[in-house]
Amino acid sequence: MITASQMRAARALLGIDQKTLAEMAGLSVPTIQRMEASDGNVRGVVDSLTKVVEALTQAGIELIGENAQSIAGGRGVRLRTPTEKS
């Protein structure tokens, strides 16, 4: 699974816009826009979702699931639950 936030963050890390991601994945810009407008996990056709994940992976993005360990090297960021200040 990929979240809409992960898609936007992946594009930001790559420095690409929605049009470029659409071209990389072989999808339309409105499809990418709908995916990124989802709340939480991206909703859509499984084939389209697979194409996006594959395109991002080929471009060097590692998508890390909730509580999953990252085994690849390289720089990156990870969103975690904020801790409360005492």
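Fair warning: this is a prediction, and the values are worked out from it, not measured in the lab.

Student: Looking at this model, I keep getting lost on the nonpolar core. Mind explaining?
Tutor: What tends to happen in soluble globular proteins is that the nonpolar side chains get buried as a cluster. Ranked by internal contacts, the top residues of the largest apolar core, which has 17 residues, are Met 7, Leu 21, Ile 32, Met 35, Val 42, Val 52 and Leu 56. Only α1 (4-14), α2 (18-25), α3 (29-36) and α4 (46-58) provide two or more residues apiece to this core. Among all residues touching Ile 32, those that are not within four sequence positions of it are Met 7, Gln 18, Leu 21, Ala 22, Leu 27 and Val 52.

Student: Help me understand the UniProt feature "domain: HTH cro/C1-type" (unreviewed entry) in the chain in this model?
Tutor: The feature "domain: HTH cro/C1-type" (unreviewed entry), as annotated in UniProt, sits at residues 7-36 in this numbering. Within the segment residues 7-36, helix and strand shares are 80% and 0% respectively, and the terminal C-alpha atoms sit 7 Å apart.

Student: Help me understand the side chain of Thr 31 in this model?
Tutor: Among the structural elements, Thr 31 can be located in helix α3. Looking at Thr 31, its side chain comes within polar contact range of the side chain of Ser 28, at 2.9 Å. A polar side-chain atom of Thr 31 sits 3.3 Å from a polar atom in the side chain of Arg 34.

Criteria and thresholds
Residues numbered from 1 in each chain as written. Predicted model: local features only at pLDDT ≥ 70, side-chain atom pairs only at ≥ 80, totals over all residues. Heavy atoms only, no water. Core = buried A, V, L, I, M, F, W, Y, C linked by side-chain atoms within 4.5 Å. Buried < 20%, exposed > 50% of the residue type's maximum accessible area, 1.4 Å probe, protein only. Helix = DSSP H or I, 4+ residues; strand = E, 2+ residues; numbered from the N terminus. Contact = heavy atoms within 4.5 Å. UniProt positions renumbered as here; feature names shortened; annotations may be inferred. Polar contact = N/O pair within 3.5 Å; in protein donor to acceptor, adjacent residues only side chain to side chain.

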